[in-house]
Amino acid sequence: MAQMTIAEALRQGLREEMTRDARVYCIGEDIGIPGGWGGAFTVTLGLEKEFRERIIDTPISEAGLFGVALGSAIMGMRPVADVQYSDFIFCAMDQVVNQIATMRYMSGCKLTVPITMRAPVGATGRGAQHAHNIESMFLGIPGIKIVCPATAYDAKGLLKAAIRDDNPVLMIEHKLLYGSKGARTESGAVDASSDIPDEDYTVPIGKGIIRREGRDVTLIGTLLMMHRAVQAAEVLASEGISAEVIDPRSLSPFDWPLVEASVRKTGCAVVVEEGPRTGGVGAEIAASLTERCADALLSPVARVAAPDIPVPFSPPMENFYIPDVARIAAAARSVIVRQRMSVSA
Amino acid sequence: MAQMTIAEALRQGLREEMTRDARVYCIGEDIGIPGGWGGAFTVTLGLEKEFRERIIDTPISEAGLFGVALGSAIMGMRPVADVQYSDFIFCAMDQVVNQIATMRYMSGCKLTVPITMRAPVGATGRGAQHAHNIESMFLGIPGIKIVCPATAYDAKGLLKAAIRDDNPVLMIEHKLLYGSKGARTESGAVDASSDIPDEDYTVPIGKGIIRREGRDVTLIGTLLMMHRAVQAAEVLASEGISAEVIDPRSLSPFDWPLVEASVRKTGCAVVVEEGPRTGGVGAEIAASLTERCADALLSPVARVAAPDIPVPFSPPMENFYIPDVARIAAAARSVIVRQRMSVSA
Amino acid sequence: MMSNSMEFHLSLYRKMVMIRQFEERVKYLFLEGIMPGTIHQYQGQEAIAVGVCEHLADEDVITSTHRPHGHAIAKGLSVESMMHELFGKSTGCCAGKGGSMHIGDMAHGMAPAIAIVGGGAPIATGMALAFTMRKQPQVAVAFMGDGAVNEGAVHEAMNMGAIWSLPIVYVVENNRYSASTPIAQTTKVANLADRAAAYGMPGVTVDGNDVLAVYEAAGEAIHRARTGGGPTMLEALTYRITGHSRRDPCLYQPEEERKAALTQEPIVRFTEFLLSQGHTQQALDGVRDEVNAEIERAVQSAMAAPDPAPEEALVGLFV
Amino acid sequence: MMSNSMEFHLSLYRKMVMIRQFEERVKYLFLEGIMPGTIHQYQGQEAIAVGVCEHLADEDVITSTHRPHGHAIAKGLSVESMMHELFGKSTGCCAGKGGSMHIGDMAHGMAPAIAIVGGGAPIATGMALAFTMRKQPQVAVAFMGDGAVNEGAVHEAMNMGAIWSLPIVYVVENNRYSASTPIAQTTKVANLADRAAAYGMPGVTVDGNDVLAVYEAAGEAIHRARTGGGPTMLEALTYRITGHSRRDPCLYQPEEERKAALTQEPIVRFTEFLLSQGHTQQALDGVRDEVNAEIERAVQSAMAAPDPAPEEALVGLFV
Ligand SMILES: Cc1ncc(C[n+]2csc(CCOP(=O)(O)OP(=O)(O)O)c2C)c(N)n1
Ligand SMILES: Cc1ncc(C[n+]2csc(CCOP(=O)(O)OP(=O)(O)O)c2C)c(N)n1
Ligand SMILES: [Mg+2]
Ligand SMILES: [Mg+2]
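Rules and cut-offs
Residues numbered from 1 in each chain as written. Chains lettered and ligands numbered in written order. Predicted model: local features only at pLDDT ≥ 70, side-chain atom pairs only at ≥ 80, totals over all residues. Heavy atoms only, no water. Helix = DSSP H or I, 4+ residues; strand = E, 2+ residues; numbered from the N terminus. Rg over C-alpha atoms; globule rule 2.2 N^0.38 Å. Buried < 20%, exposed > 50% of the residue type's maximum accessible area, 1.4 Å probe, protein only. Contact = heavy atoms within 4.5 Å. Areas by Shrake-Rupley, 256 points an atom, 1.4 Å probe, with all protein chains shown as cover. Lys, Arg positive; Asp, Glu negative; His and termini not counted. Charge placed at Lys NZ, Arg CZ, Asp CG, Glu CD. Pairing = 2+ DSSP bridges. Axes fitted to C-alpha atoms, helices over the stretch in contact; angles between N-to-C directions. Least-squares fit on C-alpha atoms with pLDDT ≥ 70 in both. Near = heavy atom within 4 Å. Polar contact = N/O pair within 3.5 Å; in protein donor to acceptor, adjacent residues only side chain to side chain. Nonpolar A, V, L, I, M, F, W, Y, C, P; charged D, E, K, R; others polar. Buried area = accessible area lost by both parts, 1.4 Å probe. Salt bridge = Lys/Arg side-chain N within 4 Å of Asp/Glu carboxyl O. Donors = N, O, S within 2.8 Å, 3.2 Å for Na, K, Ca; no water. Right-handed = clockwise from strand over helix to strand, strands pointing away. Expected span 1.5 Å × (residues − 1). Domains from an automatic or database assignment.

J.: Would you explain the overall build of chain C in this entry?
T.: Across its full length, chain C carries 10 helices and 7 strands. What you see for chain C is a C-alpha radius of gyration of 19 Å, in line with the 20 Å of a compact globule of 319 residues. The burial tally for chain C puts 63% of its 319 residues in the buried class. Within chain C, residue pairs in contact and separated by at least 24 positions form 73% of the contacts whose partners lie at least 6 positions apart. In the form shown here, chain C has an accessible surface area of approximately 10400 Å², with 53% of it arising from carbon and sulfur atoms. Between the centroid of the 24 positive side chains of chain C and the centroid of its 36 negative side chains there is a distance of 3 Å.

See below:
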């Protein structure tokens, strides 16, 4: 048992999987240069010393590197391909959407494509091209599983599950949660470290978790927004409102039983996400929840999300962009107020 | 006044706009080769004879061509850039999402980016890589307007509005609606031709239209699904159910007043789309409608969409994939049944 | 190497004719409205697929394009499993889920064909990387057209193939057109193989209508790849004598040019050569008849196979 | 051309020093935690931006990269408007919405810098296309790093620039590293300018630490572009003596190599040259002091400017 940051837990997870299975390898930009940073957020730092031939630094060629990962996966390797910032995955979008997501299906479901893709999201003072929250764009792509760890425990467990999964898995990571150190420290970072068990474990893809139990309202959020939802729940608790916080951990497949059970208990829900509201992940969750729990929902599902704009650079504007604790708490109060009204009606 | 197909109406629209404004030009692959096809669906056929220098055939380089269109737009040109199939826009995704959508905003809202992008969607017997319905992926990208004409009248009017708009506009077109002729005829094509006025007109971006009035249920669909919704409404009419069919025509901005008014009248709604259900356009429409009209909705908004799979090639499987009239009618009946129950309750 | 034996020549001929007759039959079925989908055909480029794939075993792999039937046959897929696929039957090589543009079968070392122009190059490069990482002696071949070399993905892939010295050959079938666009409009270089220098790999241009020339040049490149010498860009010059896709009348090809090309097409040329080497017209006709019979059996069996149940669509996306 | 006059040399020197001192001041502000965001700096490459942009008027345009401060100053943006932008003020050249990686100002012919490596090349090509279509005499310059030439978008753009013979120069600043990755790992060609041949355009390699050499080579290329001669790929050899971004200690650069590079950096070299030409150290120090004072005024004014109202974020996405 040791306390680790997400960066450390991911690094350990990669090390263990590469040790366990010679087919596992990492491919990306600046991931294994001696004297370098181990990727943009130190996840692969030092791994090149142990696995010189399985940490592959590429030129700046995202379409190329995702295509290469795909080709090797078809041949039985188990690549972990990453982009330094999720925004750059758009350079590889054809490979991801047209090739990786469809290749098995087009083959008559004969091939397998055991590929793990890692992509850091979140607005962090770098401007619009290093800030995308890409989850919603991939939710609509059948053939790719999506996981979103918010803690070091989940990061390691989901990474291992992804690597062992025979299907393409996109792992969304959040820049402010890595706990990267030294020159790669992020300002505004949030502590997401966990106690990591000594023994091997995985976190099953498609299983969410209750981060905090509650009775009055269900808050649903991943990554940084999970942490903010927990903070909002604390604020609400001080007002006598008992909020349940659910971290779905996987977006695809989604843990409907867990979320449904919570909403059937609380009667109302707030979905929180960092990216723009329109066409976001929250739309799918809200629409599906409404279909599944119409009889139990006492007020419409509320969505807390960013406004429909690119991410602005200036800190006051960027802070305004990212949903904060106050907005989450306010949304929770608003759905609960309605609930009480309707109950009393 | 003349009857025209969508391909003809778009062609006329391009001709008129290029005549009106010397800054308007077309850029794409195979769009103006003498003896060629005028693009994959004959939209630009023959225009190269009139506007030799403003119909620009490119190499097969989608990232390049959308970037070129962007650069020229910044300098005051008004490009109409197209991909032959919407699937290929993923090759240009960085240019569209990271550059075109953000450039004005990042400039401090000083630049303008008057670019029109055209992309044909729909499953048409070509397999998974020539079949994407890309609408949902772009809905979540602030900075791009999205229009979806289902008739020749709207195609021409929206194209002209897009070209005259100073912002990026993505125009989604449907392969089965073009009415392309000769060697480019599509099997399974649906007649979407209209009477086109002789005088200049535009269709405002962001304004929907009621395709058929009704009292009992609101059906919402664009492109091919609009036509299927109208057919479903006819089936329903024969059963005594009066369905209102709304064609939003624009997805972004969206004509909420029109849709809301209809739903407030009928009390229930079915959103139809051709692409996969999860993370689809229907999720956003259903979630927003629920937020806006919770008090008026007598049953949860139903979504009719494709299953969450890539598009299969084989005709029986492909037909199963694409939502058909029967499924739309069934969804309508299901929301109405519930409505009646709740009214009688 | 049996490159001079009559038997060997006849086996090349047989494969080329198999491709040609397959495509002709498919064209007919398609134009008659009997076959669904859309098709891009390979008539006139047979020498390339056959000359290259002759050096490959089932364990070697290729990626193909929107125009994959020739590669598939040359790589050893049965015309039966292909015909079933084209008819959308579950008995097809892709269970009816792929179709013409995604035909393939990894049992014969062919990934599902990739209909995104240029999209196969990085994938083949990754296959080659897998061989290198595992120290296996296999080779990958990425087939692509002249138009594809202008795609960014091809550029990125070739650079990676070169810097990592991977066992791969990038075969560019230069048929002088990308869809309706003539090559003069899309590049300024005299030979596309000149671009190999940009990656520091050998570039070779060969007469792609001469199956023996292709066989020889491909042999060198594949040998180099297999023995640790790294990748090659192999450009094979040919001409697209068939339409780009289905009902294309090719009005953008100058008539003179087309006519000249028809006299140079690979089966005409190889036939002349074979006759000059002592093969008889009768023997060649015999090959053609055999091939036709095999194709006809494939058509009949494909048409007789039951359609898939629609719900099969839902099965198998994930393992 | 006044390329030999002392005045001209001093003006080049002034611009180079303006860039250097701007970057040093920004670095300090950043490390002190006073300046928000992230930064990629230009120290050591000043000769390139200055040597190239000296040939450009406000009506000529450039695209820049994640490392844009040097290009911006050379292209004529005021250090004041830049400093305001770096501090995220609405008074910045991008109203605080862009930040360091998107600095730009079309009033001075600089598009918002593009932080996606290689992403600017197609955009600059489109700007050049606009000039050609309108028969305007302007020129576009796409700045990029050595790492960028491996991006597909750059390949596609250069090919288009070449086939359409556009008025553009692709300037590759080869500082031998892309982030932490040394160039030997990303390409096998000796000079990146060798890749120009793949597009049929001239490729030129120049000493990028010699401002006069850059000035001359860029002059030729820009003249060619401006007079209908089409594009050039101009590679300028330099070295990244600063960190890749913010707190990078550059441990991946061999110490010998770094040390040698520091003796070759462009301001050291140009200073020696100027002194040899009769300029006095005092005069050069005077320039530096002036520049520092201007930068200091910019810093004070930027820090004094009020923060934007958060809701300004919502304004202006669409026209
Ligand atoms: C990325 C992408 N862009 C465009 C197309 C449409 N398209 C299909 S084939 C083709 C021409 C391909 O030319 P080439 O590479 O020379 O191959 P050929 O058809 O001559 O065999 C085009 C433009 C596509 N399939 N993929
Ligand atoms: C498409 C893309 N991939 C990766 C990155 C991350 N990144 C930023 S700068 C950089 C290195 C760029 O190297 P080079 O082009 O040589 O420019 P330099 O930093 O040396 O000026 C990388 C990998 C990016 N910004 N965009
Ligand atoms: Mg071709
Ligand atoms: Mg560099």
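After that view of the structure, there is still more to cover.
J.: I'm lost on the sheet that holds strand 2 (residues 140-145) of chain D in this one. Help?
T.: Two pairing modes exist for strands in a sheet, parallel and antiparallel, and in both the strands are linked by backbone hydrogen bonds. Residue and element names in this part refer to chain D. Spatial strand order, 1-2-3-7-6: 5 strands in an open sheet with parallel pairing. A strand with exactly one partner marks an edge of an open sheet, and here the two such strands are strand 1 (61-63) and strand 6 (203-207). Across the sheet, the mean angle separating the axes of adjacent strands is 20 degrees when strand polarity is ignored. As paired elements, strand 3 (residues 168-174) and strand 7 (residues 232-237) share 6 bridges and run parallel to each other. Residue pairing in the sheet places Val171 in a bridge with Leu234 of strand 7. Lying on the sheet, helix 5 (residues 120-133) is in contact with strand 1, strand 2 and strand 3; it crosses strand 2 at an angle near 170 degrees.

J.: Whenever I open this one, the relation of the copies chain C and chain D confuses me. Can you help?
T.: For the pair of chain copies, the relating transformation is a rotation about an axis with a translation along it. Once turned by 180 degrees and shifted 0.0 Å along the axis, chain C lies on chain D with an RMSD of 0.0 Å. Each copy turns onto its partner about a two-fold axis. Of every C-alpha in chain C, the one belonging to Gly152 of chain C sits nearest the axis of rotation, 1.6 Å from it.

J.: Where do I start with the site of ligand 2 in this structure?
T.: Around ligand 2 sit 23 residues in total, of which Glu62 of chain A together with His66, Arg67, Ala115 and Asn175 of chain D are the nearest. Residues near ligand 2 are shared among chains A and D, making this a multi-chain site. In this structure, Glu62 of chain A approaches ligand 2 through a side-chain N or O atom, which is 2.5 Å from a nitrogen atom. At 2.7 Å from an oxygen atom of ligand 2 is found a side-chain nitrogen or oxygen belonging to His66 of chain D. Computed on the free molecule, ligand 2 has an accessible area of 580 Å², of which 98% lies beneath the protein chains in the complex. In the shell around ligand 2, the residues fall into 9 nonpolar, 8 polar and 6 charged.

J.: I keep staring at the interface of chain C and chain D and nothing clicks. Help me out?
T.: Accessible area lost upon the coming together of the parts is a frequently used measure of interface size. Between chain C and chain D, the residue contacts involve 19 residues of the former and 19 residues of the latter. When chain C packs against chain D, the two sides together hide about 1600 Å² of surface, and 49% of this comes from carbon and sulfur. Looking only at chain C, the three residues that lose the most surface to chain D are His155, Lys188 and Ala198 of chain C, adding up to 34% of its buried area. At the boundary of chain C with chain D, the tally comes to 0 salt bridges. Summed over the shared surface of chain C and chain D, the number is 13 residue pairs in polar contact (both at pLDDT 80 or more).

J.: For this particular structure, what's the right way to read the site of ligand 1?
T.: Neighbouring residues of ligand 1: 23 residues in total, closest Glu62 of chain B together with His66, Arg67, Ala115 and Asn175 of chain C. This site is not confined to one chain, since residues near ligand 1 come from chains B and C. In this structure, Arg67 of chain C approaches ligand 1 through a side-chain N or O atom, which is 2.7 Å from an oxygen atom. With respect to ligand 1, the backbone of Tyr177 of chain C contributes an N or O atom lying 2.9 Å from an oxygen atom. In isolation ligand 1 exposes 580 Å². Once the protein is present, 97% of that is buried. Among the residues making up the shell around ligand 1, the classes are represented as 9 nonpolar, 8 polar and 6 charged.

J.: Any chance you could explain the coordination of the magnesium ion (ligand 4) here in plain terms?
T.: Geometrically, a metal with four donors at the corners of a regular tetrahedron has ideal angles of 109.5 degrees, and one with six donors at the corners of a regular octahedron has ideal angles of 90 or 180 degrees. All names here are of chain D. Bound to the magnesium ion (ligand 4) are the protein donor atoms Asp146 (OD), Asn175 (OD1) and Tyr177 (O), situated 2.1 Å from the metal. Donor residues for the magnesium ion (ligand 4), ordered by position in the chain, follow D-x28-N-x1-Y. With a gap of 31 residues between them, Asp146 in the loop between strand 2 and helix 6 (152-163) and Tyr177 in strand 4 (residues 177-178) connect regions that are remote in the sequence. Given the relative accessible area of 2%, Asp146 is considered buried. On the basis of relative accessibility, which here comes to 5%, the residue Tyr177 falls in the buried class.

J.: What is the right way to look at the coordination of the magnesium ion (ligand 3) in this model?
T.: Residues and elements named next belong to chain C. Looking at the magnesium ion (ligand 3), the protein donor atoms are Asp146 (OD), Asn175 (OD1) and Tyr177 (O), and they sit 2.0 to 2.1 Å from it. Along the chain, the residues donating to the magnesium ion (ligand 3) fall in the pattern D-x28-N-x1-Y. Note that Asp146 is positioned in the loop between strand 2 (140-145) and helix 6 (152-163) and Asn175 in the loop between strand 3 (168-174) and strand 4 (177-178), a separation of 29 residues in sequence.

J.: What should I look at first to understand the interface of chain C and chain A in this one?
T.: Taken together, the contact pairs 36 residues of chain C with 44 residues of chain A. Buried surface at the junction of chain C and chain A, summed over both partners, amounts to about 3100 Å²; 72% is from carbon and sulfur atoms. If you look at where chain C meets chain A, you find 1 salt bridge. The partner of Glu53 of chain A in a salt bridge is Lys135 of chain C, and the shortest N-O contact between them spans 3.5 Å. Connecting chain C to chain A are 14 residue pairs in polar contact (both at pLDDT 80 or more). A per-element tally of the side of chain C that touches chain A places helix 5 (residues 120-133) of chain C first, with 9 residues. Classifying every residue of the side of chain C that touches chain A by side-chain character gives 24 nonpolar, 8 polar and 4 charged.

J.: I'm lost on the pairing of strand 13 (residues 269-276) of chain A in this one. Help?
T.: The two faces of the sheet receive side chains in turn, since in a regular strand these alternate between them. Residue and element names in this part refer to chain A. Burial of strand 13 is extensive: 8 of the 8 residues sit out of reach of the surface. Bridge analysis of strand 10 (residues 217-220) against strand 13 gives 3 bridges, and the strand direction is parallel. Within strand 13, the residue paired with Leu219 across the bridge is Val270. As paired elements, strand 13 and strand 14 (residues 302-306) share 4 bridges and run parallel to each other. Note on strand 14: the bridge partner recorded for Val271 is Arg303. With helix 10 (residues 281-293) bridging strand 13 and the parallel strand 14, this β-α-β connection has right-handed handedness.

J.: For this particular structure, what's the right way to read helix 7 (residues 152-164) of chain A?
T.: Structurally, the α-helix is built with 3.6 residues per turn, so residues lying three or four positions apart point the same way. All names here are of chain A. Between its first and last C-alpha atoms helix 7 spans 18 Å; for 13 residues at 1.5 Å apiece the expected length is 18 Å, and the two agree. Most of helix 7 is tucked away: 11 of the 13 residues are buried. For helix 7, the full list of buried residues reads Ala152, Asp154, Ala155, Lys156, Gly157, Leu158, Leu159, Lys160, Ala161, Ala162 and Ile163.

J.: Where do I start with the domain arrangement of chain A in this structure?
T.: Residue and element names in this part refer to chain A. Segmentation of chain A into domains returns domain 1 (2-196) and domain 2 (209-344). The interface is formed by 31 residues belonging to domain 1 together with 23 residues belonging to domain 2. A combined buried area of about 2100 Å² lies between domain 1 and domain 2, and 64% of that area is made up of carbon and sulfur atoms. Interface area lost by domain 1 to domain 2 is led by Ala123, Leu139 and Cys148, which between them contribute 24%. Put simply, domain 1 and domain 2 have 2 salt bridges between them. Asp154 is paired through a salt bridge with Arg211; the nearest N and O atoms lie 2.5 Å apart. Elements with a contribution of two residues or more to the side of domain 1 that touches domain 2: helix 6 (135-139), strand 6 (145-147), helix 7 and strand 7 (169-174). Its residues assigned to classes, the side of domain 1 that touches domain 2 shows 17 nonpolar, 8 polar and 6 charged.

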